[in-house]
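A look at the structure
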Amino acid sequence: MIKYRRPQKEELKDIARMTALSFGEYPINDLELRSGFKNLDSYVDFMSDAHYVYIKLFHRKHECFVGEENGKIKSLAMLKRPYSPDDSILEYFRSGAFNLMKKTSLSKLLKYLNVLEEGHRPCNGLKEHSWTLEFLAVDKSCKGQQLGSKILKDCVIPYIMEQSCSTEPATFITFTNTESNSKFYLKNGFSEFDYTTIQRNGVTIGNWSLRMTIAPA
């Protein structure tokens, strides 16, 4: 049986390694970060460090949940509450982003943040009053076990329902850059409200924005 909980600080590096392996060649990451690494292993090592910074920031400022089974963390979801302020570049550096410049340049990191901002852009009009799913990952060795669906339905959505102070339904938004992930969210109750593309360095990727309405508990 899967147990959902908040991760401990000392677990974050192992979680980051798990998510980096799961997102080894994810399109939005590859647009600005993939070049310059001689092979996939060195790139995944860097992405593990980058994910550690990202997860550490969320662990400190926002909402993180893991799904654990038989002592092994198998899934991760990271959320932002409604009316959460944007995370500044200083917040990323406070979480250790300086260390990333040992493996890549500051200009690449800033370009990557710009790509992420473009990916978020269609959600900006809804973001202020919505819950936002910023990150959802499943251990690569556990794919096909519906763990992504389970953490949404058994942890994230019930949490939003419990935390909603209003009698009005809550809005839950996210975005993704692969069609397969878009289909996953549609299957799990989201609806698509925007599709656009992101272009960098002669490469074009899709950008799907999705939302769900959640009734209060």
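Here the structure is a predicted model, which is why all the values come from computation and not from measurement.

1. Remarks on the packing of helix α7 (residues 147-163) against helix α8 (residues 179-187)
Where α7 meets α8, the closest approach of the two axes is 11 Å, and the angle between their N-to-C directions is 40°. Comparing the axis directions of α7 and α8 gives the class oblique. Seen from above, α7 lies across α8 with right-handed handedness. Two secondary-structure elements touch here, α7 through G148, S149 and L152 and α8 through F184, Y185 and K187. Grouping the constituent residues of the contact of α7 with α8 by class yields three nonpolar, two polar and one charged.

2. Considering unusual backbone geometry
Despite not being glycine, Q146 shows a phi value in the positive range, around 60°. Positionally, Q146 belongs in the loop between β4 (131-138) and α7. Even without being a glycine, N201 presents a positive backbone phi close to 50°. As for its position among the elements, N201 is in the loop between β6 (191-200) and β7 (203-214).

3. Structural notes on α8
Of the positions making up α8, those classed as buried are S182, F184 and Y185. Along α8, the residues classed as buried sweep out an arc of 155° about the axis, all on the same side. More than 90 degrees from the buried face of α8, the exposed residues found are S180, K183 and K187. The elements touched by buried residues of α8 are β4, α7, β5 (170-176), β6 and β7. Looking one or two places after α8, you find G189, whose phi comes out positive at around 100°.

4. Examining the pairing of strand β3 (residues 72-80)
Of all nine residues in β3, eight are buried; the element is thus mostly enclosed. Two strands pair when backbone bridges link them, and strand β2 (residues 63-69) and β3 are joined in this way by seven bridges, in the antiparallel orientation. Looking across to β3, one finds that C64 is bridged to M78. Connecting β2 to the antiparallel partner β3 that follows it, the hairpin turn spans two residues, and N70 within it adopts a positive phi of roughly 55°. The sheet contact formed by β3 and β4 spans six bridges and is antiparallel. Residue pairing for β4: L76 is matched across the bridge by A137.

5. Section: the side chain of S48
Tracing the chain through its elements places S48 in helix α3 (residues 40-61). For S48, a relative accessible area of 9% translates into the label buried. When residues no more than four places from it in sequence are discounted, the contact partners of S48 are A16, R17 and A20.

6. Looking at the environment of K127
Mapped onto the fold, K127 is located in helix α6 (residues 124-127). Sequence-wise, K127 and L210 are 83 residues apart; in three dimensions their C-alpha atoms are separated by 12 Å. Every residue in contact with K127, bar those within four places of it in the chain, is listed here: D86, T132 and I173.

7. A word on the packing of aromatic side chains
Enumeration over the complete set of coordinates arrives at 13 aromatic pairs. With 5.1 Å between their ring centres and 25° between their planes, F23 and F135 make a pair best called stacked. With a gap of 112 residues between them, F23 in the loop between α1 (12-22) and α2 (27-30) and F135 in strand β4 connect regions that are remote in the sequence. Judged by relative accessible area, which is 14%, F23 ranks as buried. Ring plane angle 45° and centroid distance 5.3 Å describe the contact between F172 and F190, whose orientation is recorded as tilted. Note that F172 is positioned in strand β5 and F190 in the loop between α8 and β6, a separation of 18 residues in sequence. Comparing F172 with F190 shows no difference in burial state: the two are buried.

Definitions and cut-offs
- Residues numbered from 1 in each chain as written.
- Predicted model: local features only at pLDDT ≥ 70, side-chain atom pairs only at ≥ 80, totals over all residues.
- Heavy atoms only, no water.
- Axes fitted to C-alpha atoms, helices over the stretch in contact; angles between N-to-C directions.
- Helix = DSSP H or I, 4+ residues; strand = E, 2+ residues; numbered from the N terminus.
- Parallel < 35°, antiparallel > 145°, perpendicular 65-115°, else oblique.
- Left-handed = near helix turned anticlockwise from the far one by under 90°.
- Contact = heavy atoms within 4.5 Å.
- Nonpolar A, V, L, I, M, F, W, Y, C, P; charged D, E, K, R; others polar.
- Buried < 20%, exposed > 50% of the residue type's maximum accessible area, 1.4 Å probe, protein only.
- Arc of directions from axis to C-beta.
- Pairing = 2+ DSSP bridges.
- Phe/Tyr/Trp six-rings, centres within 6.5 Å; stacked < 30°, edge-to-face > 60°.

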